[in-house]
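# Residue-level structural notes
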Amino acid sequence: MLRELGTEARDIAPASEEAKDVLPIDTILVGDCIERMNALPAGSVDLVFADPPYYLQLDKGLTRPDQSNVAGVHDDWDKFNDFAHYDQFTRDWLAAAKRVLKPNGAIWVIGSYHNIFRVGATLQDLGYWMMNDVIWRKANPMPNFRGTRFTNAHETLIWATRSQDSKAVFNYDALKQSNDDTQMRSDWLFPICTGQERLKDENDDKVHPTQKPEALLYRVLMATSKPGDVILDPFFGTGTTGAVAKKLGRHFIGIERESDYINAALKRIASIKPLDKVVLETVKGKRAEKRVAFGSLIEQGLMEPGAILLDSKKKFKAVVRADGSLSCEGHEGSIHKVGAAVQGQTACNGWTYWHIQQGKDLVLIDELRAEIRSRMHKLSA
């Protein structure tokens, strides 16, 4: 049985032809996550985000000092016979997830101290390659009412690729841009899901006991996916992954077995309006730019053989040869090799070391490379 969402494909970046042909994208699949994943085509999804049962072992419940009950997780989906039972379940769903991931796919799993170490060991046993563990530090955690332990103020996310050889998406420059031009760290501060974002039923009770904040999924998807990617969530719940994926121009496949969660997710995701494609464009650093060889400057007439390159202090003078190599004080080779040699260093970025005199100005040769890239961009536009 499928519950299909009325997402308009024109509002979201197009999925690959393979995905459109064989995958139930932008759909909630009803049933057991292992069975449903095993029925999907192998190597077909880009990213998995999983918020599995934590096996909290709350058989006796939680009470405050005044003996009032604390709302916790008492649902059947979080109950297992023992750790062996939980470990087998974890291995089965992680194996199913790995099968459906593309060769360069990746997975995120979130958990607490109850389960995340067991999940991490199983990920490694199955051949996933660990990239980071990320700490979600909660700005407003639930206090420890009895005062017998530290306040549980964080959860852990594991980001892993399908294998050691996977080249997973990582939008480094976009993350740095969103973090005031500072490299994004692996400890993230977000509040738990509260206020209008928290879904409530007709009795004003929480629809789902562990609904995750959209801000958390926003960062995960912005960091490790791109528009048009297919995100699989095997424990879909009330659809946080689907809501954020739709907003960010990604496609999703959700798997859920609880009808109350499915109905809430359907209503929630139907209300989401995808962001315009132009808004979803991200900053791209130099690593994402097209490669330009130094010899291209000579071939395209931006530099003549015999030209003299200088360092910023005009201490060294290198002669440009017809084949794109440099000669300077007995050293010869590439702009990088000669730049390193004259400085007595093991490495050098020749593009940002060497300059050329243009009138009264000393111009970095990297500016000439930028002109070549501009020409290439115009030709491919």
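The rules behind these values
Residues numbered from 1 in each chain as written. Predicted model: local features only at pLDDT ≥ 70, side-chain atom pairs only at ≥ 80, totals over all residues. Heavy atoms only, no water. UniProt positions renumbered as here; feature names shortened; annotations may be inferred. Helix = DSSP H or I, 4+ residues; strand = E, 2+ residues; numbered from the N terminus. Buried < 20%, exposed > 50% of the residue type's maximum accessible area, 1.4 Å probe, protein only. Contact = heavy atoms within 4.5 Å. Areas by Shrake-Rupley, 256 points an atom, 1.4 Å probe, with all protein chains shown as cover. Polar contact = N/O pair within 3.5 Å; in protein donor to acceptor, adjacent residues only side chain to side chain. Pairing = 2+ DSSP bridges. Axes fitted to C-alpha atoms, helices over the stretch in contact; angles between N-to-C directions. Phe/Tyr/Trp six-rings, centres within 6.5 Å; stacked < 30°, edge-to-face > 60°. Expected span 1.5 Å × (residues − 1). Arc of directions from axis to C-beta. Salt bridge = Lys/Arg side-chain N within 4 Å of Asp/Glu carboxyl O.

In the annotation of an unreviewed UniProt entry, the entry for the chain reads Methyltransferase, and the organism field reads Maritalea myrionectae. The record in UniProt for the chain states the following under Sequence similarities (unreviewed entry): "Belongs to the N(4)/N(6)-methyltransferase family."

A count of helices and strands for the chain gives twelve helices and 15 strands. Residue burial in the chain is summarised as follows: out of 381 residues, 45% are buried. Contacts in the chain between residues at least 24 apart in sequence constitute 68% of all its contacts with a sequence separation of at least 6. Of the roughly 20,400 Å² of accessible surface on the chain, 49% is carried by carbon and sulfur atoms.

If you trace the backbone, N171 turns up in the loop between β6 (154-161) and α5 (172-178). Within the local environment of N171, its side chain forms a polar contact with the backbone oxygen of M222, the two atoms lying 2.7 Å apart. When residues no more than four places from it in sequence are discounted, the contact partners of N171 are M222, A223, T224 and S225.

On to the sheet that holds strand β15 (residues 361-364). Paired through their backbone hydrogen bonds, the strands of a sheet run either parallel or antiparallel. Strand order in this open sheet of six strands is β13-β12-β11-β10-β14-β15, and the pairing throughout is antiparallel. Whereas interior strands pair on both sides, the edge strands pair on one side only; in this sheet they are β13 (331-333) and β15. Geometrically, the sheet is characterised by an average inter-axis angle of 35° between neighbouring strands, direction not taken into account.

On to the packing of aromatic side chains. One pass over the full model with this rule turns up twelve aromatic pairs. Both rings, one in F294 and one in W351, keep their centres 6.0 Å apart while their planes meet at 65°; by these two values the pair is edge-to-face. Remark: W351 occurs in helix α11 (residues 350-353) and F294 occurs in the loop between α8 (259-270) and α9 (295-299); sequence separation between them is 57 residues. As far as burial versus exposure is concerned, F294 and W351 are alike and both buried. Ring centres of Y353 and W354 lie 4.9 Å apart, and the angle between their planes is 80°; on these two criteria the pair is classed as edge-to-face. Grouping residues by exposure puts Y353 and W354 together as buried.

Side-chain alternation along strand β7 (residues 187-190) places W188 and F190 on a buried face and D187 and L189 on a face that remains uncovered. With four bridges joining them, strand β5 (residues 129-138) and β7 adopt parallel strand pairing. Within β7, the position partnered with R137 by the bridge is L189.

Moving on, we get to the side chain of T238. Looking at the element boundaries, T238 is found in the loop between β8 (230-233) and α7 (240-247). The class of T238 is buried, set by a relative accessible area of 3%. The residues touching T238, leaving out its near neighbours within four places in the chain, are L199, V207, H208, Q211, Y261, A264, A265 and R268.

Let's shift gears to helix α3 (residues 83-100). In a regular helix each residue adds 1.5 Å, so 18 residues correspond to 26 Å; α3 covers 26 Å between its end C-alpha atoms and thus fits that length. Every buried residue belonging to α3 is among Y86, F89, T90, W93, L94, A96, A97, K98 and V100, and all of these are buried. The inward-facing, buried residues of α3 contact α2 (33-38), β3 (45-50), β4 (101-111), α4 (116-125) and β8. The opening residue of α3, the one whose side-chain oxygen lies 3.2 Å from the backbone nitrogen of A84, is D82.

When the terminal C-alpha atoms of α8 are compared, their 16 Å separation across twelve residues agrees well with the 16 Å that a helix rising 1.5 Å per residue should span. Along α8, the positions that sit buried rather than exposed are Y261, I262, A264, A265, R268 and I269. Down the axis of α8, the sector holding all buried residues measures 165°, keeping them to one side. Away from its buried face by more than 90 degrees, α8 exposes D260, K267 and A270.

Moving on to the environment of K138. With respect to the helices and strands, the residue K138 is situated in strand β5. Given a relative accessible area of 16%, K138 falls into the buried group. In this structure K138 touches A153, H154, E155, L189, F190 and I192, once residues within four positions along its chain are discounted. Polar contacts involving the side chain of K138 include one to the side chain of E155, which spans 2.8 Å.

Notably, D180 is not glycine yet its phi reads approximately 55°, a positive angle. With respect to the element layout, D180 can be found in the loop between α5 and β7. The phi dihedral of K314 is positive, around 55°, even though this residue is not glycine. Its place among the elements puts K314 in the loop between β10 (308-310) and β11 (317-320).

Per the stated rule, a full pass over the model turns up 13 salt bridges. With a shortest N-O distance of 3.8 Å, D204 and K200 are connected by a salt bridge. Looking at D204, the relative accessible area reads 53%, which means it is exposed. E332 is the salt-bridge partner of R321, the closest N and O atoms lying 3.1 Å from each other. One end of the pair, R321, is in the loop between β11 and β12 (326-328); the other, E332, is in strand β13, and eleven residues separate them in sequence. Of the residues examined, R321 reaches a relative accessible area of 30% and is grouped as partly exposed. Given the relative accessible area of 48%, E332 is considered partly exposed. Linked by salt bridges that have partners in common, E214, K247 and R268 make up one network.

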